[in-house]
Amino acid sequence: MGRGRAKAKQTKVARQLKYTNHNIDYDRLRKELGADERSEEISPPTPSEQESERAQ
């Protein structure tokens, strides 16, 4: 009970997000987030790499 208005608001916001055109400036976003110019992917160490580090 009493969830009708909250659900209606969520539905309205979700519909706006889904159907509005978002013009995102990715360069500005990258600068704002402090991303490096080079796009290197950082991957977590594999289990075998972790074992070799523990052995040392």
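Each remark here, short or long, concerns the structure printed above.
Residues numbered from 1 in each chain as written. Predicted model: local features only at pLDDT ≥ 70, side-chain atom pairs only at ≥ 80, totals over all residues. Heavy atoms only, no water.

A short note on the overall build of the protein
Thought 1: What the protein contains, in helices and strands, is three helices and zero strands.
Thought 2: Going residue by residue from the N terminus, the α and β elements of the protein occur as α-α-α.
Thought 3: Among the 56 residues that make up the protein, the fraction classed as buried is 0%.
Thought 4: Carbon and sulfur atoms make up 50% of the accessible area of the protein, which amounts to about 6200 Å² in all. (Helix = DSSP H or I, 4+ residues; strand = E, 2+ residues; numbered from the N terminus. Buried < 20%, exposed > 50% of the residue type's maximum accessible area, 1.4 Å probe, protein only. Areas by Shrake-Rupley, 256 points an atom, 1.4 Å probe, with all protein chains shown as cover.)

Overview of a nonpolar patch on the surface
Thought 1: Taken together, the side chains of I24, Y26, L29 and L33 make up a nonpolar region of the molecular surface, amounting to roughly 430 Å² of accessible area.
Thought 2: With respect to the element layout, I24 can be found in the loop between α1 (4–19) and α2 (26–33).
Thought 3: The exposure class of I24 is partly exposed, given its relative accessible area of 47%. (Patch = residues over 30% accessible without salt bridge, like charges linked within 9 Å, V, L, I, M, F, W, Y side chains within 5 Å. Salt bridge = Lys/Arg side-chain N within 4 Å of Asp/Glu carboxyl O.)

Things to note about the pattern of salt bridges
Thought 1: The final tally for this structure, using the stated rule, is one salt bridge.
Thought 2: Of the charged contacts, one joins D27 and R30 as a salt bridge, the two residues approaching to 3.0 Å between their closest N and O atoms. Taken together, the residues D27 and R30, both in helix α2 and three residues apart, mark about one turn of the helix.
Thought 3: A relative accessible area of 48% places D27 in the partly exposed class.

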